[in-house]
Amino acid sequence: MNLNLGILSDSWDCQAEQIGNSLILHGDCFQWFRTVPENSIHAVVTDPPYGLKEYDIEQIVKRENCNGGVWRIPPTFDGHKRAPLPRFTALTQKERAKCHDFFVEWAQLVLRVMRPGGHLFIASNAFLSQLVFSALVAGGLEFRGELQQVQETSRTFLC
Ligand SMILES: C[S@@+](CC[C@H](N)C(=O)[O-])C[C@H]1O[C@@H](n2cnc3c(N)ncnc32)[C@H](O)[C@@H]1O
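Described below are features of the structure shown in this document. (Residues numbered from 1 in each chain as written. Predicted model: local features only at pLDDT ≥ 70, side-chain atom pairs only at ≥ 80, totals over all residues.)

**Topic: the overall build of the protein**
1) Next: Scanning the protein from N- to C-terminus turns up five helices and six strands.
2) Next: Along the protein, helices (α) and strands (β) appear in the sequence β-β-α-β-α-β-β-α-β-α-α when read from the amino end.
3) Next: Counting only residues that meet the buried cut, the protein has 14% of its 159 residues in that class.
4) Next: Long-range pairs, those at least 24 residues apart, make up 62% of the contacts in the protein between residues at least 6 apart in sequence. (Helix = DSSP H or I, 4+ residues; strand = E, 2+ residues; numbered from the N terminus. Buried ≥ 20, exposed ≤ 12 C-beta atoms within 10 Å, placed from the backbone. Contact = placed C-beta atoms within 7 Å.)

Now the structure itself:
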């Protein structure tokens with residue numbers, strides 16, 4: 001079965017793999033959205049790069065070396081050491097403005113390809129959600145509600 005469904009333009013070169021009824025693409029979503037036909041996507045579910053800074057090469061190297069940068073000491077639960085998480089409180093005003101601009105542009109791209117009545121589910125965290133949601137609204141999307149996870153561990157205190 002060919003699952004391309006017209007969503008892989010010849011002008012966009014990326015790694016793609018079909019698994020069951022799904023097509024997995026590896027690439028820059030900003031580039032990809034520009035190649036997708038208008039009103040063609042029913043829903044977007046995403047866990048985006050919230051602070052952006054954590055994907056700078058310099059920060060990735062610091063994470064690999066477990067030394068400095070925006071990274072918090074990884075918490076350990078039940079004998080499992082988790083991956084380091086970025087410390088979003090360390091973002092400067094300039095970095096927050098960059099994050100805002102990123103999500104305004106991203107929302108505009110999503111809006112163009114989303115079908116009328118389509119929905120976006122976006123993972124968030126309490127610290128940056130206001131910034132991100134306001135940017136998404138500035139980009140043209142509507143805020144329709146929120147699901148909250150009740151966490152009953154002491155993780156917050158361990159980090
Ligand atoms: C918060 S992480 C997602 C973590 C994932 N949910 C997990 O549990 O492992 C954000 C992801 O977005 C990816 N990413 C960052 N910028 C991107 C872009 N322009 N296009 C596509 N993916 C991007 C990063 O490589 C990273 O894997």
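**Some remarks on the site of the ligand**
1) Next: All residues in the neighbourhood of the ligand are listed as Asp28, Cys29, Phe30, Asp47, Pro48, Pro49 and Tyr55.
2) Next: A per-class count over the shell around the ligand returns five nonpolar, no polar and two charged. (Near = placed C-beta within 6 Å. Nonpolar A, V, L, I, M, F, W, Y, C, P; charged D, E, K, R; others polar.)

**Structural notes on the nonpolar core**
1) Next: Residues Phe103, Ala107, Val110, Val132 and Leu136 are the most contacted members of the largest nonpolar core, which totals 13 residues.
2) Next: Secondary-structure elements contributing two or more residues to this core are helix H3 (93–113) and helix H4 (129–138).
3) Next: Residues in contact with Val132, not counting those within four places in the same chain, are Tyr50, Phe103 and Ser124. (Core = buried A, V, L, I, M, F, W, Y, C linked by C-beta atoms within 7 Å.)

**Side note on unusual backbone geometry**
1) Next: Despite not being glycine, Asn39 has its phi angle at roughly 50°, a positive value.
2) Next: The exposure class of Asn39 is exposed, given the 12 C-beta atoms found within 10 Å.

**Section: H3**
1) Next: Helix length check: H3, at 21 residues, gives a terminal C-alpha distance of 31 Å against a target of 30 Å (1.5 Å per residue), a fit within 8%.
2) Next: Looking only at H3, the buried set comprises Cys99, Phe103, Trp106, Ala107 and Val110. Summarising the axial view, the buried residues of H3 lie within an arc of 105°, below the 170-degree limit, and thus occupy one face. Turned more than 90 degrees from where H3 packs its buried face, Gln93, Lys94 and Ala97 sit exposed.
3) Next: Contact partners of the buried residues in H3: helix H1 (29–35), strand E3 (41–46), strand E6 (114–122) and H4. (Expected span 1.5 Å × (residues − 1). Arc of directions from axis to C-beta.)

**Notes on the pairing of E3**
1) Next: Burial analysis of E3 places just zero of its six residues in the buried class, a small minority of the element.
2) Next: Bridging between E3 and E6 involves five bridges; their strand directions are parallel. Residue pairing across strands places Ile41 opposite Met114, the latter belonging to E6. (Pairing = 2+ DSSP bridges.)

**Considerations on the packing of H3 against H4**
1) Next: Packing of H3 against H4 leaves a shortest axis separation of 7 Å and a crossing angle of 40°. Viewed along their axes, H3 and H4 adopt a mutual orientation that is oblique. In this structure, H3 crosses over H4, and the sense of that crossing is right-handed. Between H3, through Arg96, Cys99, His100, Phe103, Val104 and Ala107, and H4, the contact on the second element is made entirely by Leu131, Val132, Ala135, Leu136 and Ala138.
2) Next: Here the contact of H3 with H4 is composed, by residue class, of nine nonpolar, one polar and one charged. (Axes fitted to C-alpha atoms, helices over the stretch in contact; angles between N-to-C directions. Parallel < 35°, antiparallel > 145°, perpendicular 65-115°, else oblique. Left-handed = near helix turned anticlockwise from the far one by under 90°.)

**A few points about the environment of Asp47**
1) Next: Topologically, Asp47 is positioned in the loop between E3 and helix H2 (57–64).
2) Next: Among the residues examined, Asp47 registers 9 C-beta atoms within 10 Å and is labelled exposed.
3) Next: Expressed as a C-alpha distance, the spacing of Asp47 and Ala123, which sit 76 residues apart in the sequence, is 4.8 Å.

Coordinates in, geometry out; function isn't part of it.
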